[in-house]
Amino acid sequence: MTQIALIVGSLSKQSINRAVAEHIAAQAPAGVAVEEVQIGDLPLYTQDLDAESVPAYDRVRAQLKAADAVLIVSPEHNRAMPAAVKNIIDIASRPFGQSVWAGKKAAVVTASPGGYGGINSGLQIRQSLQPLGADVLIAPEVFLSRANAALENGKVADERTAQFLNQFAATFYAWAAQ
Ligand SMILES: Cc1cc2nc3c(=O)[nH]c(=O)nc-3n(C[C@H](O)[C@H](O)[C@H](O)COP(=O)(O)O)c2cc1C
């Protein structure tokens, strides 16, 4: 069984990115399990806690460690990745020498109601993961613009968008399973 750890970078209940993430998760083929890593309850990272057992940190580090690949689906906040995404990247990168990111397959998707699809956030997430040694999926890139227009009742309804996401999902799951 191929294990995918899913990080949704939005904490919003009405999240566009959660709808996109759920669509991609629903494309998982037989033999691939997608499990969300909850990030909303994580205390802000400080290295002062490295010597202690913080249950919420232990939980997400173990989940990410066990995963064959990580999928991050995130909005852009003020031309950058959301603080909650940076927090989980930092938490999982420490204690020093115990980073879960080294060699970890990771893919990044962003979605925004705006015209640029959250590209700054997506590129920044990739930039942060690469020096940690993560094996970041280069292509296909997904920076989904006008994403709200593709949704109906909290689901991806636009056929063209669905096809585009399905192509990404097929590539991602095949790569994760290798
Ligand atoms: C604090 C804040 C900053 C934002 N900055 C950006 C931005 O830089 N670029 C962008 O495309 N959208 C920006 N937005 C709009 C978000 O794309 C929009 O709120 C979107 O719904 C967020 O995704 P979500 O629904 O998955 O939470 C911002 C939203 C918030 C709340």
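On a predicted model such as this, the values are computed, not experimentally measured, just so you know.

Caption draft 1: Region of interest: unusual backbone geometry. Cis geometry is found at the peptide bond from Arg 94 to Pro 95, where omega equals 0°. Among the structural elements, Pro 95 can be located in the loop between helix 3 (83-93) and strand 4 (105-111). Omega for the peptide link from Ala 139 to Pro 140 comes to 5°, which places this bond in the cis form. With respect to the secondary-structure elements, Pro 140 resides in the loop between strand 5 (135-136) and strand 6 (142-144). Unlike most non-glycine residues, Arg 146 shows phi in positive territory, near 50°. By secondary structure assignment, the location of Arg 146 is in the loop between strand 6 and strand 7 (151-152). Taking the relative accessible area as the measure of exposure, Arg 146 reaches 52% and is therefore exposed. Located in the positive-phi region is Asn 153, a residue other than glycine, with phi close to 50°. Judged by its relative accessible area of 83%, Asn 153 is exposed.

Caption draft 2: Examining the packing of aromatic side chains more closely. Counted according to the given criterion, the structure contains four aromatic pairs. Taken together, a centroid distance of 5.3 Å and an interplanar angle of 55° make the contact between Phe 172 and Tyr 173 tilted. Here Phe 172 and Trp 175 contribute two aromatic rings whose centre-to-centre distance is 6.3 Å and whose plane-to-plane angle is 45°, an arrangement assigned as tilted. Taken together, the positions of Phe 172 and Trp 175, both in helix 5 (residues 159-177) and three residues apart, correspond to about one turn of that helix. Just as Phe 172 is buried, Trp 175 falls in that class too. Joined through ring pairs, the aromatic side chains of Phe 168, Phe 172, Tyr 173 and Trp 175 make up one cluster. Positioned above the aromatic ring of Trp 175 is the side chain of Lys 105, whose terminal nitrogen or guanidinium carbon lies 5.4 Å from the ring centre.

Caption draft 3: Representation of the side chain of His 23. Along the chain, His 23 falls in helix 1 (residues 16-26). His 23 gets classed as buried once you look at its relative accessible area, which sits at 14%. Other than its neighbours up to four places away in sequence, His 23 contacts Val 156, Ala 162, Leu 165 and Asn 166.

Caption draft 4: Seen up close, the site of the ligand. Residues in close proximity to the ligand include Ser 10, Ser 12, Ser 15, Ile 16, Asn 17, Pro 75, Glu 76, His 77, Asn 78, Arg 79, Ser 112 and Pro 113, which together make up its full environment. A distance of 2.6 Å separates an oxygen atom of the ligand from a polar side-chain atom of Ser 15. Separating an oxygen atom of the ligand from a side-chain N or O atom of Ser 112 is a distance of 2.7 Å. Here the shell around the ligand is built from residues that sort into three nonpolar, seven polar and two charged.

Caption draft 5: Spotlight on the UniProt feature "domain: NADPH-dependent FMN reductase-like" (unreviewed entry) in the protein chain. In this numbering, the UniProt entry assigns the feature "domain: NADPH-dependent FMN reductase-like" (unreviewed entry) to residues 3-147. Between the end C-alpha atoms of residues 3-147 the distance is 27 Å, and the span holds 31% helix and 20% strand.

Caption draft 6: Structural context of the pairing of strand 2 (residues 32-36). As paired elements, strand 1 (residues 2-8) and strand 2 share five bridges and run parallel to each other. Of the residues in strand 2, the one forming a bridge with Ala 5 is Glu 35.

Caption draft 7: Quick look at the pairing of strand 3 (residues 69-74). Burial runs high along strand 3: six of the six residues are buried. Burial along strand 3 is two-sided: the residues Ala 69, Leu 71 and Val 73 and Val 70, Ile 72 and Ser 74 are all buried. Bridging between strand 1 and strand 3 involves five bridges; their strand directions are parallel. Residue Leu 6 lies in a different strand from strand 3, and its bridge partner there is Leu 71. Bridge count between strand 3 and strand 4: six bridges; the pairing is parallel.

Calculation criteria
- Each chain carries its own residue numbering, running from 1 in the written order of its sequence.
- Owing to the predicted nature of the model, reporting of local features is limited to residues with pLDDT of at least 70; listing and counting of side-chain atom pairs is limited to 80 or more, with chain, interface and lining totals taken over all residues.
- As a rule here, side-chain values come from all non-hydrogen atoms in the structure, and water together with hydrogens is ignored.
- Comment: elements are numbered from the N terminus, with helices defined as DSSP H or I runs of at least four residues and strands as E runs of at least two.
- With a 1.4 Å probe rolled over the protein chains alone, any residue whose accessible area is under 20% of its type maximum counts as buried; one over 50% counts as exposed, and the rest are partly exposed.
- In this analysis, rings of Phe, Tyr and Trp, with Trp reduced to its six-membered ring, are considered paired at centre separations within 6.5 Å, and the interplanar angle assigns stacked below 30 degrees, edge-to-face beyond 60, and tilted for intermediate values.
- Only lysine NZ and arginine CZ atoms are considered, and such an atom sits over a ring when it is within 6 Å of the ring centre and within 35 degrees of the ring normal.
- Only heavy atoms enter the contact rule, under which two residues are in contact if any of them lie within 4.5 Å.
- In these notes, residues near a molecule or strand are those with any non-hydrogen atom within 4 Å of it.
- What qualifies as a polar contact is a pair of N or O atoms within 3.5 Å, subject to a donor-acceptor requirement within protein and to the restriction that residues adjacent in sequence count only when both atoms come from side chains.
- Ten residues, namely Ala, Val, Leu, Ile, Met, Phe, Trp, Tyr, Cys and Pro, are considered nonpolar, four, namely Asp, Glu, Lys and Arg, are considered charged, and the remaining ones, Gly among them, are considered polar.
- UniProt positions are given in the numbering used here, feature names are shortened, and annotations may be inferred rather than shown by experiment.
- Only when DSSP finds a minimum of two bridges between them are two strands counted as paired.

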